[in-house]
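What the coordinates show
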Amino acid sequence: MDESTTAVGIDVFNEEQFLKIIWEDGVISQYPLYGLRKNCPCVMCRGGHDQMQNFEPGAFFLENPPRMNIKGLKPVGNHALQITWIDGHNSGMYRWDTLRWLDPENHK
Ligand SMILES: [Zn+2]
């Protein structure tokens, strides 16, 4: 993972069900919301402290996934993004390097 990667623009498209991130090197990533929630990096969603790097990029490619809206975004320092989901879940701190790695384009 590239530790120096940082997002310079973030847009939520709840209607269309994706999150768009513009990176400082000009790359644009689009994350289907259901897959993003499935890859929530919090301990509970990952299934324990020994599973913290155990992500599931395959979840981005599910056909007809359940709708999953984002209620709020908050930067965490300059290295991560806290996402508050419509159901109130917000314990996941999505690191920029994790998000960049998760980009569905990297997992086709
Ligand atoms: Zn979580």
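Details of the structure are given in the entry above.
Figured I'd write up the structure that's included with this text. In this numbering scheme, every chain counts its residues from 1 along its sequence in written order. Note on the predicted model: pLDDT of at least 70 is required for a residue's local features to be given, and 80 or more for side-chain atom pairs to be given and counted; whole-chain, interface and lining totals, by contrast, use all residues. Only hydrogens and water are set aside when side-chain values are computed; all heavy atoms of the structure are taken into account.

**Considering the coordination of the zinc ion**
Donor atoms: N, O and S within 2.8 Å of the metal, or within 3.2 Å for Na, K and Ca. Because water is excluded, sites can look incomplete. In the first shell of the zinc ion, the protein supplies Cys40 (SG), Cys42 (SG), Cys45 (SG) and His89 (NE2), at 2.1 to 2.3 Å from the metal. Angle rules define the geometry names used: all angles between 85 and 135 degrees makes four donors tetrahedral, while opposite donors over 155 degrees apart and all other angles between 65 and 115 make four donors square planar and six octahedral, leaving every other case irregular. Classification of the site at the zinc ion as tetrahedral follows from its four donor atoms and the range of 103 to 118° in their angles at the metal. To sort residues, take the accessible area from a 1.4 Å probe on protein chains only and compare it with the maximum for the residue type: under 20% means buried, over 50% means exposed, and anything in between is partly exposed. Overall, cysteine 45 belongs to the partly exposed group, its relative accessible area being 26%.

**Brief notes about the pairing of strand β3 (residues 28-32)**
Helix numbering and strand numbering both begin at the N terminus, where a helix is a DSSP run of H or I of at least 4 residues and a strand a DSSP run of E of at least 2. Only one face of β3 is buried: it carries Ser29 and Tyr31, and the other face, with Ile28, Gln30 and Pro32, is open. Here strand β2 (residues 18-23) runs beside β3; their pairing, made up of five bridges, is antiparallel. Bridge pairing in β3 places lysine 20 opposite glutamine 30. In this description, strands pair whenever DSSP reports at least two bridges between them. Between the antiparallel neighbours β2 and β3 lie four residues, among them glycine 26 with a positive phi of about 95°.

**Structural notes on the sheet that holds strand β1 (residues 7-13)**
Taken together, the three strands give an open sheet; going across it, the order is β1-β2-β3, and neighbouring strands pair in antiparallel fashion. The sheet is open, and its two borders are formed by β1 and β3, each paired with just one other strand. Taking each pair of neighbouring strands and ignoring which way they run, the sheet shows an average axis angle of 15°. Where β1 meets β2, six bridges bridge the pair, whose relative direction is antiparallel. The convention used is that axes are lines fitted to C-alpha atoms, helices contributing only their stretch in contact, and that angles between N-to-C directions extend from 0 to 180 degrees.

**What to know about the nonpolar core**
One finds Tyr31, Leu36, Trp85 and Leu99 to be the most contacted residues of the largest nonpolar core, which totals 21 residues. Looking at this core, the elements that each hand over two or more residues are β2, α1 (33-38), β5 (80-85) and α3 (96-102). Other than its neighbours up to four places away in sequence, leucine 99 contacts Ile21, Trp23, Tyr31, Leu36 and Tyr94. As used here, the term nonpolar core means buried Ala, Val, Leu, Ile, Met, Phe, Trp, Tyr and Cys residues forming a set that is joined through side-chain atoms within 4.5 Å. Throughout, a residue-residue contact means that at least one pair of heavy atoms, one from each residue, lies within 4.5 Å.

**Digging into the pattern of salt bridges**
For this analysis, a salt bridge means a side-chain nitrogen from Lys or Arg found within 4 Å of a carboxyl oxygen belonging to Asp or Glu. For the structure on display, the rule yields five salt bridges. Between glutamate 56 and arginine 46 there is a salt bridge; the shortest N-O distance is 3.0 Å. With glutamate 56 in the loop between α2 (43-46) and β4 (70-76) and arginine 46 in helix α2, this pair connects stretches of sequence that are 10 residues apart. In this structure glutamate 56 comes out as partly exposed when scored by relative accessible area, which is 33%. Note that aspartate 97 and arginine 95 form a salt bridge whose closest N and O atoms lie 3.1 Å from each other. Take aspartate 97: its relative accessible area is 7%, and that puts it in the buried class.

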